[in-house]
Amino acid sequence: MKLRLLVASLAALFALQSGAVLASSTKSQSAGKTAASKPAPKAKAPAKAAPKKAVSSKPAPKKAVAKPGTNAKPAAKKVVARKAVPAAAAAAAPAALGADEDAPLALDANGLPLLGSSAFYVINQNTGEVLLERNGSAVVPIASITKLMTAIVVLEAGQSLSERLTITEGDIDRLKGTGSRLALGTTLSREEMLQLALMSSENRAASALARNYPGGESAFVEAMNVKARLLGLWDTRFRDSTGLNPGNVSSPKDLARLVAASAAFPLIREFSTAHERYVDVRGRMLRFGNTNGLVRSPEWAISVSKTGYISEAGRCLVMQTWLQQQPVVMVLMDSSGRYTRTADAKRVRKWLEQGMPQRLAVAPQRAGG
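Just so it is clear, the structure is predicted and the values come from calculations on it, not from any experiment. (Residues numbered from 1 in each chain as written. Predicted model: local features only at pLDDT ≥ 70, side-chain atom pairs only at ≥ 80, totals over all residues. Heavy atoms only, no water.)

Chemist: Please clarify how the overall build of the chain should be interpreted in this entry.
Modeler: Along its length, the chain carries twelve helices and eleven strands. Pairs at least 24 residues apart make up 64% of the contacts formed inside the chain by residues separated by at least 6 positions. When the accessible surface of the chain is totalled, it reaches about 19400 Å², and 58% of it is carbon and sulfur. (Helix = DSSP H or I, 4+ residues; strand = E, 2+ residues; numbered from the N terminus. Contact = heavy atoms within 4.5 Å. Areas by Shrake-Rupley, 256 points an atom, 1.4 Å probe, with all protein chains shown as cover.)

Chemist: Would you mind going over the packing of aromatic side chains with me for this structure?
Modeler: Remark: the centre distance and the inter-plane angle together describe each pair of aromatic rings, the angle taken between the planes. Evaluated as defined, the whole model comprises one aromatic pair. On the numbers, 5.1 Å between centres and 85° between planes, the contact of Tyr213 with Phe220 is edge-to-face. Among the residues examined, Tyr213 registers a relative accessible area of 18% and is labelled buried. The ring of Phe288 has Arg181 lying over it, and the distance from NZ or CZ to the ring centre is 4.5 Å. Positioned over the ring face of Trp300 is Arg349, at 4.9 Å from the centre of the ring. (Phe/Tyr/Trp six-rings, centres within 6.5 Å; stacked < 30°, edge-to-face > 60°. Buried < 20%, exposed > 50% of the residue type's maximum accessible area, 1.4 Å probe, protein only. Lys NZ or Arg CZ within 6 Å of the ring centre and 35° of its normal.)

Chemist: Got a minute to help me understand the layout of surface pockets in this structure?
Modeler: Once rolled over the atoms, a probe with the size of a water molecule shows which space is left empty. Here the largest pocket defines a volume of roughly 690 Å³. Lining the largest pocket we find 25 residues, and of these Ser200, Ser201, Thr291, Tyr309 and Arg341 sit closest to its centre. When residues of the lining of the largest pocket are traced back to their parent elements, those giving at least two are β8 (284-289), β9 (302-310) and α11 (340-355). Take the lining of the largest pocket: its biggest share by element is four residues, from β9. Considering only residue class, the lining of the largest pocket consists of five nonpolar, 13 polar and seven charged. (1 Å grid on protein atoms, 1.4 Å probe; cavity = no way out; pocket = protein on both sides within 12 Å on 5 of 7 lines; lining within 4 Å. Points joined across faces, edges and corners; volume = space filled by probe spheres on them. Nonpolar A, V, L, I, M, F, W, Y, C, P; charged D, E, K, R; others polar.)

Chemist: Please explain the packing of helix α5 (residues 146-157) against helix α8 (residues 216-230) as it appears in this structure.
Modeler: The angle between the axes and the distance between the axes are what describe a pair of packed helices. Two elements in contact, α5 and α8, have axes separated by 10 Å at closest approach and are oriented at 100°. As far as their axial angle goes, α8 and α5 are roughly perpendicular. Where α5 abuts α8, its residues Thr146, Met149, Thr150, Ile152, Val153, Val154 and Glu156 lie against Phe220, Ala223, Met224, Lys227 and Ala228. Of the residues assigned to the contact of α5 with α8, the class counts are eight nonpolar, two polar and two charged. (Axes fitted to C-alpha atoms, helices over the stretch in contact; angles between N-to-C directions. Parallel < 35°, antiparallel > 145°, perpendicular 65-115°, else oblique.)

Chemist: Can you help me understand the nonpolar core in this one?
Modeler: Soluble globular proteins tend to bury their nonpolar side chains together. Of all hydrophobic cores here, the largest spans 57 residues; its most connected members are Leu148, Met149, Leu182, Met193, Leu196, Phe288 and Val331. The residues touching Met193, leaving out its near neighbours within four places in the chain, are Leu165, Ile167, Thr186, Leu188, Ala205, Ala208 and Leu209. By size, the runner-up hydrophobic cluster in this structure holds 20 residues, among which are Val295, Trp300, Met319 and Leu332. (Core = buried A, V, L, I, M, F, W, Y, C linked by side-chain atoms within 4.5 Å.)

Chemist: What am I meant to see in the environment of Ile142 here?
Modeler: Relative to the elements of secondary structure, Ile142 occurs in the loop between β3 (140-141) and α5. The spacing of Ile142 and Phe238 is 96 residues in sequence and 9.6 Å in space, taken between C-alpha atoms. Ile142 has contacts with Phe238, Asn248, Val249, Ser250, Leu255, Ala313 and Met333, leaving out every residue within four places of it along the chain.

Spelled out as structure tokens, the structure:
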């Protein structure tokens, strides 16, 4: 009996000790949880440090980009970025300035005028000094600028300017599908055809001039290319007399030479800058105007002018104009909008007159056109 009591007492004592140990363990676990939960806010400090690490990690990619800088891809990205900025600014310049002569002249970081033409070449014809250039050696389609060479070949052939030529089926534009006010059967003198080709960029007139050349159109185009070689126009090729064929290509540098060569022909000077002409088209007197509105401005002294447009070439304008009694040749190719080419010409003139008078005055003054 005593033994049973002793065993029961020992069991009770053991139970009390186990309960104490369990309670102690529970307290330590809850304390551990509390202790573990308290550092959680402290963990925010490393979280704050994480952005610092992220910020400090940004230079790492830059270093990584800088190391392969010699690769073609990073270099190409830099070139495209540099071209994109001036191109966007040049495209915005026409919209901002338009034809407003009083608007401030927009300049790039180098002090050059922002233009909307993709390629241009401006030269003092007397001195040969290049005043402004971008992509001057780029070989591009030239559209109806072609007709300057068409006129040169016609005039050098010595054919009668009074001879009557008739518009036929062979003069219809089947390449671009452009129209014409010269209906089939229209008969005009060679002189009238020449003026309409230069002044109004009449494609059927230019086609009729080539068809009525000795040997026909193929011989005419060959003569155009031969003359280009003789003038040193090594970037220039002709496929037709109108410029509708995008295979008619040249560079702005070559076109500046072509404009200068055209200025030696009095009739090209007269016809390309005439304001208008009325001609009899099958019993009706029709008015034909100049495609370059600047020739009608009293503020301009233009000796040679020619515009051009096909989709492959964009809108183009070449001129010989006189600034401070010096002949300046402007070649503006692939302009971004309908009026951009003339707006670009105005910007070039303003830039030359405001900031470059010494360059225009270095050569001996010469009168005439």
